[in-house]
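Each chain is listed here by its residues.
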Amino acid sequence: MKTTDLTPVEIHNKIYYKRDDYYTPYGKENVNGGKTRQAICLFRELKDEIKNKYNGGVVTGSSVNSPQAPIIAAVAQDFGFKCVIGVGGTTPKTIDTHHMMRLSRHYGADIENVAGHGYTVAIDSGLKKKVISKKGYMLIKFGNSAATNPESIFDSVANQVENIPDKLDNLVIAVGSGIQFAGIIKGIEKFKKKVKRIIGVTFVDRSKKIDEYLNQFSNLESGFKKFQDYEMYKTPLPYSKSVWEDVGNGFIDDIYEGKAHKWMRENIDTTKEKTLFWSIGRRLTAEQVDKLYK
């Protein structure tokens, strides 16, 4: 599937679902979704630079449970680049207990514990000292690339808004870093969709960062002066808790989207209000990873 192809919209139990988790360029049982599309678009822009200036390699920092690590590893492998995943607060004995790390190794990445804990600042600092200074690889961070490569990061998301319904009462989106969320809001403006409520469900309120992204669009592009207001709600459920939600033809991601979908069921009357749930992507289960890893 090309990065420009539109993923479908389905209806289950009167709820619309934007199935960006159907973006599966490496096959159904591999990494998928909007973040994979972003990574592919980003690597296309950076491939010559990575090859010629960064010794043909990339590094990224990640929590041991994040899907970002295997996504970067898979795309790096696809482009023929070496890849190092930096993590914190783990040991060689415990790293393989995390299936996102096993999946990253399946895609050819090396995994290095570079910090005493899993905070982003410490991991990035450890990567620079222990990996980048020695190997000269490029640091891949979606947040940094949002400023330097906005077309890859935001437009690849915004363009997917084209085939959602023109009028909605509610658009519900699970929010991690806020990059996908901001890209979708950009797409709402680009395609002139009428949405009464744009709702993000998150672990950490990313409104400040989202507003920075939206202001960035306004400054860079004429015509994008005012974006639609949005709402942000924090889930009371801990990040590590899996919430399995069956949308009618299978389960969506259990960490991010399961919690957002549960919030939607409990707070919105989807039988009376036209509602779309945006499925950004799906982490593979431990069982699916084991089938690949073996």
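Our structure's up above, just so we're on the same page.
Analysis parameters
Residues numbered from 1 in each chain as written. Predicted model: local features only at pLDDT ≥ 70, side-chain atom pairs only at ≥ 80, totals over all residues. Heavy atoms only, no water. Pairing = 2+ DSSP bridges. Helix = DSSP H or I, 4+ residues; strand = E, 2+ residues; numbered from the N terminus. Axes fitted to C-alpha atoms, helices over the stretch in contact; angles between N-to-C directions. Contact = heavy atoms within 4.5 Å. Polar contact = N/O pair within 3.5 Å; in protein donor to acceptor, adjacent residues only side chain to side chain. Left-handed = near helix turned anticlockwise from the far one by under 90°. Nonpolar A, V, L, I, M, F, W, Y, C, P; charged D, E, K, R; others polar. Buried < 20%, exposed > 50% of the residue type's maximum accessible area, 1.4 Å probe, protein only. Right-handed = clockwise from strand over helix to strand, strands pointing away. Salt bridge = Lys/Arg side-chain N within 4 Å of Asp/Glu carboxyl O.

**A few points about the sheet that holds strand β7 (residues 167-175)**
Sheet architecture is open: 6 strands sit in the order β1-β2-β10-β7-β8-β9, paired in mixed fashion. Here the strands that pair on one side only, and so sit at the sheet edges, are β1 (9-12) and β9 (231-234). Adjacent strand axes in the sheet meet at a mean angle of 25°, parallel and antiparallel pairs treated alike. Pairing of strand β8 (residues 194-202) with β9, which is carried by 4 bridges, proceeds in the parallel orientation. Its bridge partner lying in β9, G200 is registered against M232. Along the sheet, helix α8 (residues 179-190) contacts β7, β8, β9 and β10 (275-279); its crossing angle with β8, the most-contacted strand, is approximately 180°. Across the sheet, helix α10 (residues 257-267) touches β2 (15-19), β7, β8, β9 and β10, and the angle it forms with β10 is around 170°.

**Here's the deal with the side chain of S279**
Structurally, S279 can be placed in strand β10. Within polar-contact distance, the side chain of S279 engages the side chain of E257 at 2.9 Å. For S279, the residues in contact, after removing those within four places along its chain, are K18, R19, D20, D21, I252 and E257.

**Description of the sheet that holds strand β5 (residues 110-115)**
Pairing within the open sheet is parallel, and its 4 strands lie in the order β5-β4-β3-β6. Lying at the two open borders of the sheet, with one neighbouring strand each, are β5 and β6 (138-139). As paired strands, strand β3 (residues 57-61) and strand β4 (residues 82-88) are joined by 5 bridges and run parallel to one another. Bridging from a neighbouring strand, G61 pairs with G86 of β4.

**Topic: the packing of helix α1 (residues 34-53) against helix α7 (residues 150-158)**
The N-to-C vectors of α1 and α7 enclose an angle of 145°; their axes lie 8 Å apart at closest approach. You can see that α1 and α7 cross each other, and the crossing is right-handed. Seen from α1, the contacting residues are R37, Q38, C41, L42 and E45; seen from α7, they are E151, S152, I153, S156 and V157. Partitioned by chemical class, the residues of the contact of α1 with α7 number 4 nonpolar, 3 polar and 3 charged.

**Structural notes on the pairing of β3**
Across the 5 residues that make up β3, a large majority, 5, are buried. On the question of chirality, the crossover connecting β3 to the parallel β4 by way of helix α2 (residues 68-79) is right-handed. Sheet analysis places β3 next to β6, joined by 2 bridges and oriented parallel. Opposite V58, over in β6, you have M138 as the bridge partner.

**Quick word on the pattern of salt bridges**
Applying the stated criterion across every chain yields a total of 16 salt bridges. Close ionic contact of K141 with D124 constitutes a salt bridge, the shortest N to O distance being 2.8 Å. Placement of K141 in the loop between β6 and α6 (142-148) and of D124 in helix α5 (residues 120-135) is noted, with a sequence separation of 17 residues between them. The partner of E266 in a salt bridge is K262, with the nearest N and O atoms 2.6 Å apart. Taken together, the residues span about one helical turn, with E266 and K262 both in helix α10 at a distance of 4 residues. Each of E10, R19 and D21 takes part in one network of salt bridges that share partners.

**Some points on unusual backbone geometry**
Look at N55: it is not a glycine, yet its phi comes out positive at around 55°. You can see N55 is positioned in the loop between α1 and β3. In this structure, K192 takes a positive phi of about 55° despite not being glycine. Along the chain, K192 falls in the loop between α8 and β8. What makes K192 exposed here is its relative accessible area of 54%.

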